[in-house]
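Coordinate analysis (summary)
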Amino acid sequence: MERYVEDYQKRRLTERVDIITAINILRSQGYDRDELIEEITKVFYVDLDAFNEIVMAA
């Protein structure tokens, strides 16, 4: 799925629940673990520490 958002339009994902929701949506669309960070950062600024903790725990 092609998504591109200008940097000034990106929303910040810092809350764990928001990051988990975004990850779950991407996984439901068929993205695997290796593709998640690439896809999520096309649309959002992501707290990478929280993202990594969530992905590693799953």
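Residues numbered from 1 in each chain as written. Predicted model: local features only at pLDDT ≥ 70, side-chain atom pairs only at ≥ 80, totals over all residues. Heavy atoms only, no water.

Digging into the packing of aromatic side chains
Tallied over the entire structure, the rule returns 0 aromatic pairs. Residue placement shows Lys10 over the ring face of Tyr45; its charged tip is 5.3 Å from the ring centre. Stacked on the ring of Tyr45, the Lys or Arg Arg12 has its end atom at 5.1 Å from the ring centre. (Phe/Tyr/Trp six-rings, centres within 6.5 Å; stacked < 30°, edge-to-face > 60°. Lys NZ or Arg CZ within 6 Å of the ring centre and 35° of its normal.)

With respect to the packing of helix α1 (residues 16-28) against helix α3 (residues 48-57)
Axis separation between α1 and α3 bottoms out at 10 Å; the angle between their running directions is 55 degrees. By the angle between their axes, α1 is oblique relative to α3. Where α1 crosses over α3, the handedness of that crossing is right-handed. On α3, the residues touching Arg16, Ile19, Ile20 and Ile23 of α1 are Ala50, Phe51, Glu53, Ile54 and Val55. In terms of residue class, the contact of α1 with α3 is made up of 7 nonpolar, no polar and 2 charged. (Axes fitted to C-alpha atoms, helices over the stretch in contact; angles between N-to-C directions. Helix = DSSP H or I, 4+ residues; strand = E, 2+ residues; numbered from the N terminus. Parallel < 35°, antiparallel > 145°, perpendicular 65-115°, else oblique. Left-handed = near helix turned anticlockwise from the far one by under 90°. Contact = heavy atoms within 4.5 Å. Nonpolar A, V, L, I, M, F, W, Y, C, P; charged D, E, K, R; others polar.)

Quick notes on the environment of Lys10
Position of Lys10 among the secondary structure elements: in the segment before β1 (11-13). What makes Lys10 buried here is its relative accessible area of 18%. In this structure the C-alpha to C-alpha distance between Lys10 and Tyr31, which are 21 residues apart in sequence, comes to 20 Å. If near-sequence neighbours (up to four positions away) are discounted, Lys10 is found in contact with Val5, Thr41, Lys42, Val43, Phe44 and Tyr45. In terms of polar contacts, Lys10 uses its side chain to reach the backbone carbonyl oxygen of Thr41, at 2.8 Å. (Buried < 20%, exposed > 50% of the residue type's maximum accessible area, 1.4 Å probe, protein only. Polar contact = N/O pair within 3.5 Å; in protein donor to acceptor, adjacent residues only side chain to side chain.)

Description of α3
Burial in α3 covers these residues: Ala50, Phe51, Ile54 and Val55. On an axial view of α3, the arc spanned by its buried residues comes to 125 degrees, and they lie on one face. Opposite the buried face of α3, by more than 90 degrees, sit the exposed residues Asp49, Met56 and Ala57. Looking at the buried positions of α3, the neighbouring elements they touch are α1, α2 (33-43) and β2 (44-46). (Arc of directions from axis to C-beta.)

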